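# Structural characterization, general
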Amino acid sequence: MALMVGARVLARNLLRPWSRLPDAVPGRTGPAAGGGDGVRCFGSPRLLVETDPAKGVAVIKLKNPPVNSLSLEVLTEFVISLEKLENDKTFRGVILTSDCPGIFSAGLDLTEMCGKSQAHYAEYWRAVQELWLRLYLSNLVLIAAINGVSPAGGCLISLTCDYRVLADNPKYTMGLNETLLGIVAPSWFKDTLVNTVGHRVAERAMQLGLLFAPAEALRVGMVDQVVPEDQVHSAALSAMAQWLAVPDHARQLTKNLMRKATADRLVKQRDADVQYFLQFISRDSIQKSLRVYLDKLRQKKG
Amino acid sequence: MALMVGARVLARNLLRPWSRLPDAVPGRTGPAAGGGDGVRCFGSPRLLVETDPAKGVAVIKLKNPPVNSLSLEVLTEFVISLEKLENDKTFRGVILTSDCPGIFSAGLDLTEMCGKSQAHYAEYWRAVQELWLRLYLSNLVLIAAINGVSPAGGCLISLTCDYRVLADNPKYTMGLNETLLGIVAPSWFKDTLVNTVGHRVAERAMQLGLLFAPAEALRVGMVDQVVPEDQVHSAALSAMAQWLAVPDHARQLTKNLMRKATADRLVKQRDADVQYFLQFISRDSIQKSLRVYLDKLRQKKG
Amino acid sequence: MALMVGARVLARNLLRPWSRLPDAVPGRTGPAAGGGDGVRCFGSPRLLVETDPAKGVAVIKLKNPPVNSLSLEVLTEFVISLEKLENDKTFRGVILTSDCPGIFSAGLDLTEMCGKSQAHYAEYWRAVQELWLRLYLSNLVLIAAINGVSPAGGCLISLTCDYRVLADNPKYTMGLNETLLGIVAPSWFKDTLVNTVGHRVAERAMQLGLLFAPAEALRVGMVDQVVPEDQVHSAALSAMAQWLAVPDHARQLTKNLMRKATADRLVKQRDADVQYFLQFISRDSIQKSLRVYLDKLRQKKG
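Since the model is a prediction, treat every value here as computed from it, not as a measurement.

This paragraph deals with the overall build of chain A. Check the secondary structure of chain A and you find 11 helices and 13 strands. Taking all 302 residues of chain A together, the buried fraction comes to 60%. Restricting the contact set of chain A to residue pairs at least 6 apart, pairs at least 24 apart contribute 73%. Accessible surface for chain A amounts to roughly 12,200 Å². Of this, 54% is attributable to carbon and sulfur atoms.

This is the structure we're talking about:
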């Protein structure tokens, strides 16, 4: 399957010059669970990709237990998978969902931002930037099937999609809650939220670090649809059918028309954004906040 | 009828950036259908203008059967009529509506964009730009009395108004549905919609080419009022009375404050926008899409 | 109490070089009405400041009867009080409310804009700019407890806050109604409203000079909460507790992220904005409008 060829090379080209993938994981293929219906799989231990070439649709399942945190490895594999699908004309749409019960994604991996070198922080931040740019400007139809809680970076991923379906479970809250950890979401997280729910809702939600339960998320426009938990995937597929009914070229140009100005604000200052992140994350007070938070998490588990 | 004299010449003057009307064309006046109430008419075969000088209000009725498509001639006459009303201090407000049953306007005239010369495309596009700029920044109070379906450019015209009243008929859908024809609305169509319904609703609606039925159009803010079909005109007149209760000068400056930045984005790059349109519309794939679509329309009629 | 030292000097530094405070009022201190609970007061005849150092919260009560108009003196004292609180690490949040029954604030003081010298107009306008900038970018949590009508500049003050609680009294309308007086709100009033209720609601509301009753203000997002009149203060305190639960530094940076671009638009052209105001307010037609309006107000009282 051509899709899988040269994942290692792709990764280098893609994330160069800041990223090496010493242990880039070549995809594996295999029959889908149900078998026999043309669905094929590839991916990695942390990112399962099920493809349905006949429908032109792939499903990317985050699988980084316990909370689908976006480690550098996950980010890298995510970008590689997206690029593979983007470059393969077989595929027109992707459903993003989680393989971890009850958790869509806990967001950025705080262990990547705590107690590491400046070079590591920079590499990590560039990978976060890269994933956002890939998702936000993807030519593919992206639909989020949100089957678990999605704080911070987990919420961001869903916000970059063209359509969001959320499982109707009061525990599955979502929002950019960075302030509650004592940290600040970058301007492009903010832009993505403002473009989705408007300035005022974003202003209040981000300052308070609000996590919205499904009904409220629907009310403010953070998601497009709330459905019973066992219907999330089928609802996402139905929505995909509607989006794929539109001619690709016209839809892609229109998407670009809506989003390019926002993306360009980051593209024009990626290095400055990395520097800003480095300064912020290197502060003693921030490192201390993160250590305290991570210690708490470890105690909970322990 | 003076208005029609030299429409082609006028069009040329009008649709250049330096457009002036050195000898504004005197309309013809006459008793209104009902007579005796001071209503006077002028206009052209394709654009009926009924004026009520006592109230300071004019009604512009699009009359280009069967679907009020915005041909070059209609665009030109529209701009001329607006300019006349704008320059005549008698008039403070205009109601835009349709004389064709069931159709407000089908939007841009695809026959003007298919199988013609580059020069023609450029002339046509400048006329579209000109109408949008005139409407969007008009000093007059503009109220849309939407008495029929209004896709694409038909929707755009209503969106430039200060207030929109839509007849409550489920067939009277409205929206920027260009993608479904395989074409892309220009950035200033997008800006106009975003300024009306916000970024997220616009993003989804434009990519999917959604046409909103009245209840939904009201819910997302695409129109301000939905009324029974036989009350559209009276509701528009009531709204006009409210808008005319505001001192003109303060209202006009405030309108400018709200809209000038958006209009300036086009004004600053009109030529580039024309060039972009020429490149787009001249593509074989686009011309083919349009031919297929126009053939279908002709077969329906035939 | 160190807070009160040198109000006169602070004022000069703060508003220099355009502002003089010929009769700056040094604060007075005293026990709170209830006494004994640690609440302390300072302020001036026109601005009562009650502080609760234990909670880190201050209450600023406008007290410029009969309508809390924002005279040059009130603006100056307001800015001084804000700066004092901002610089005192004891305080993290401020509740803005009114000491005048039934009136939050009638907005800018028209007598400061009518029949005075150009120098006075310029001084006044700079003070209006200064107050807006201080409020809009305040590091403090600002909560408006709107216990009365708040047209024009009164509405603006509440819009700069982080959260708005409005008393549920149909007489307590709010909005930027400048057009009805024949004047035009400046671009930064507009920006503040757009950031709160979106472009379309702002466009219609500002052109028509709409004043929203509580239910409607809540519906369009002009306020966050409507409560019975006797619960406005307690609701503001509850909201404050929620906002103060967020780490200050992260919240302040996030607020800045949301608002700095808007504030910078004024900061970059303060002088031009003053010149624009001078030209506008000096027009005979505007001065006449204001005189007519002020005469009417005086006759009402008389």
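The next thing to look at is the sheet that holds strand β3 (residues 57-62) of chain B. All names here are of chain B. Taken in spatial order, the seven strands of this open sheet run β1-β2-β3-β5-β8-β10-β12, and their pairing is mixed. The open sheet is flanked by β1 (40-44) and β12 (225-227), the only strands paired with a single partner. Each strand of the sheet is rotated relative to its neighbour by a mean of 20 degrees, with strand direction disregarded. In this structure, strand β8 (residues 141-146) lies alongside strand β10 (residues 163-167), joined through four bridges in parallel fashion. Note on β10: the bridge partner recorded for I143 is Y163.

It is worth spelling out the sheet that holds strand β10 (residues 148-151) of chain C at this point. Residue and element names in this part refer to chain C. Strand order in the open sheet formed by three strands is β7-β10-β12, and the pairing between neighbours is parallel. Strands with a single pairing partner mark the edges of an open sheet, and in this sheet they are β7 (102-103) and β12 (174-175). In terms of strand pairing, β7 meets β10 through two bridges, oriented parallel. Residue pairing in the sheet places I103 in a bridge with V149 of β10. This element, helix α4 (residues 152-159), spans β10 and β12 of the sheet and lies at about 100 degrees to β10.

It is worth spelling out the relation of the copies chain B and chain A at this point. Mapping chain B onto chain A calls for a screw motion: a turn of 120 degrees about the axis and a shift of 0.0 Å along it, with 0.0 Å RMSD after fitting. Between the two chains, the operation in question is that of a three-fold axis. Every residue of chain B has its C-alpha some distance from the rotation axis, and the shortest such distance is that of G198(B), at 4.2 Å.

Further remarks concern the interface of chain B and chain A. Contacts between the two partners involve 21 residues from chain B and, on the opposite side, 20 residues from chain A. Among the residues chain B hides against chain A, the three largest losses belong to H199(B), R200(B) and Q207(B). Together they make up 37% of the total. Seen at the junction of chain B and chain A, the total is two salt bridges. Here R200(B) makes a salt bridge to D224(A), at a shortest N to O gap of 2.9 Å. Counting only elements with at least two residues in the side of chain B that touches chain A, the list comes to α5 (187-197) and α6 (199-208) of chain B.

With that out of the way, let us pick up the interface of chain A and chain C. Taken residue by residue, the interface counts 21 residues in chain A and 20 residues in chain C. In total, chain A and chain C occlude about 1,800 Å² of area from one another, counting both sides; carbon and sulfur atoms represent 62% of this. Our enumeration of links across chain A and chain C arrives at two salt bridges. Where chain A meets chain C, there are seven residue pairs in polar contact (both at pLDDT 80 or more). When contributions to the side of chain A that touches chain C are tallied by element, the ones reaching two or more residues are α5 (187-197) and α6 (199-208) of chain A. With eight residues, α6(A) is the single largest residue contributor to the side of chain A that touches chain C.

This paragraph deals with the pairing of β10(B). Burial analysis of β10(B) places five of its five residues in the buried class, the great majority of the element. Covered by surrounding structure in β10(B) are Y163(B), V165(B) and A167(B) together with R164(B) and L166(B), the residues of both alternating faces.

Once that is clear, we can look at the pairing of strand β3 (residues 47-52) of chain C. Residue and element names in this part refer to chain C. Where burial is concerned, most of β3 is hidden: five out of the six residues are buried. One ladder, built from five bridges, connects strand β2 (residues 40-44) with β3; its direction is antiparallel. Bridge assignment links G43 to a residue of β3, and that residue is L48. Remark: two residues form the turn of the hairpin made by β2 and β3, two consecutive strands paired antiparallel. One ladder, built from six bridges, connects β3 with strand β4 (residues 57-62); its direction is antiparallel. The residue bridging L48 from the neighbouring strand is K61, located in β4.

Turning to the confidence of the model for chain A, a few remarks are in order. All names here are of chain A. Looking at chain A, the pLDDT average stands at 88 and 87% of residues meet or exceed 70. Overall, residues 1-36 carries pLDDT values under 50, and its contacts beyond four positions in sequence, including any with other chains, amount to 58 contacts. Per the prediction output, this complex has pTM 0.88; the corresponding ipTM is 0.87.

Let us look at the nonpolar core. By size, the foremost hydrophobic cluster in this structure holds 280 residues, and its most contacted members are F78(A), M222(A), F78(B), M222(B), F78(C) and M222(C). Discounting chain neighbours no more than four positions away, the residues touching F78(C) are L47(C), I60(C), L62(C), L96(C), L131(C), L135(C) and I157(C).

What follows covers the side chain of E112(B). Residue and element names in this part refer to chain B. Inspection of the secondary structure puts E112 in the loop between β7 (107-108) and α3 (118-136). One buried charged side chain, E112, makes no salt bridge at all; its nearest oppositely charged neighbour is K116, positioned 5.1 Å away. Of the polar contacts made by the side chain of E112, one reaches the backbone nitrogen of L72; its length is 2.8 Å. Setting aside its immediate chain neighbours within four residues, E112 contacts S71, L72, H120, Y121 and Y124.

This next bit is on the pattern of salt bridges. Counting across every chain of the model gives 57 salt bridges over all chains. Via salt bridges that share partners, E83(A), E130(A), R134(A) and R270(A) belong to a single interconnected network.

Packed helix pairs are specified by the crossing angle of their axes together with the interaxial distance, meaning the distance between the axes. Residue and element names in this part refer to chain C. One way to put it is that helix α2 (residues 72-87) packs onto helix α3 (residues 118-136) with a least axis distance of 9 Å and a crossing angle of 30 degrees. As far as their axial angle goes, α3 and α2 are roughly parallel. Handedness of the crossing formed by α2 with α3: left-handed. Between α2, through L72, L75, F78, V79, L82 and E83, and α3, the contact on the second element is made entirely by H120, E123, Y124, A127, V128, E130, L131, R134 and L135. Partitioning the contact of α2 with α3 into residue classes produces 10 nonpolar, one polar and four charged.

When you line up the elements, K190(B) lands in helix α5. Between the alpha carbons of K190(B) and E203(B) there is a distance of 8.6 Å; along the sequence they are 13 residues apart. Non-local contacts of K190(B), meaning those with residues more than four positions away in its chain, are made with L257(A), M258(A) and M206(B).

All names here are of chain A. Here the amide bond leading from P65 into P66 is cis, since omega sits at 5 degrees, within 30 degrees of zero. If you check the backbone angles, N68 has positive phi at about 50 degrees while not being a glycine. As for its position among the elements, N68 is in the loop between β4 (57-62) and β5 (69-70). Residue N68 is classed as buried on the basis of its relative accessible area of 2%. You will see that A152, though not glycine, has its phi angle at about 45 degrees, which is positive. Structurally, A152 can be placed in helix α4 (residues 152-159).

All names here are of chain C. For V226, the position within the fold is in strand β13 (residues 225-227). Looking at V226, the relative accessible area reads 24%, which means it is partly exposed. Counting along the chain gives 186 residues from V226 to R40, while the straight-line C-alpha distance between them is 28 Å.

What follows covers the packing of aromatic side chains. Counted according to the given criterion, the structure contains 15 aromatic pairs over all chains. Ring geometry for W132(A) versus Y136(A): centroids 5.1 Å apart, planes at 15 degrees, classification stacked. Highlighted residues: W132(A) and Y136(A), both in helix α3 (residues 118-136), separated by four residues, approximately one helical turn. Ring plane angle 45 degrees and centroid distance 5.4 Å describe the contact between W132(C) and W188(C), whose orientation is recorded as tilted.

Calculation notes
- Residues numbered from 1 in each chain as written.
- Chains lettered and ligands numbered in written order.
- Predicted model: local features only at pLDDT ≥ 70, side-chain atom pairs only at ≥ 80, totals over all residues.
- Heavy atoms only, no water.
- Helix = DSSP H or I, 4+ residues; strand = E, 2+ residues; numbered from the N terminus.
- Buried < 20%, exposed > 50% of the residue type's maximum accessible area, 1.4 Å probe, protein only.
- Contact = heavy atoms within 4.5 Å.
- Areas by Shrake-Rupley, 256 points an atom, 1.4 Å probe, with all protein chains shown as cover.
- Pairing = 2+ DSSP bridges.
- Axes fitted to C-alpha atoms, helices over the stretch in contact; angles between N-to-C directions.
- Least-squares fit on C-alpha atoms with pLDDT ≥ 70 in both.
- Buried area = accessible area lost by both parts, 1.4 Å probe.
- Salt bridge = Lys/Arg side-chain N within 4 Å of Asp/Glu carboxyl O.
- Polar contact = N/O pair within 3.5 Å; in protein donor to acceptor, adjacent residues only side chain to side chain.
- pLDDT = per-residue confidence, 0-100.
- Core = buried A, V, L, I, M, F, W, Y, C linked by side-chain atoms within 4.5 Å.
- Lys, Arg positive; Asp, Glu negative; His and termini not counted.
- Parallel < 35°, antiparallel > 145°, perpendicular 65-115°, else oblique.
- Left-handed = near helix turned anticlockwise from the far one by under 90°.
- Nonpolar A, V, L, I, M, F, W, Y, C, P; charged D, E, K, R; others polar.
- Phe/Tyr/Trp six-rings, centres within 6.5 Å; stacked < 30°, edge-to-face > 60°.

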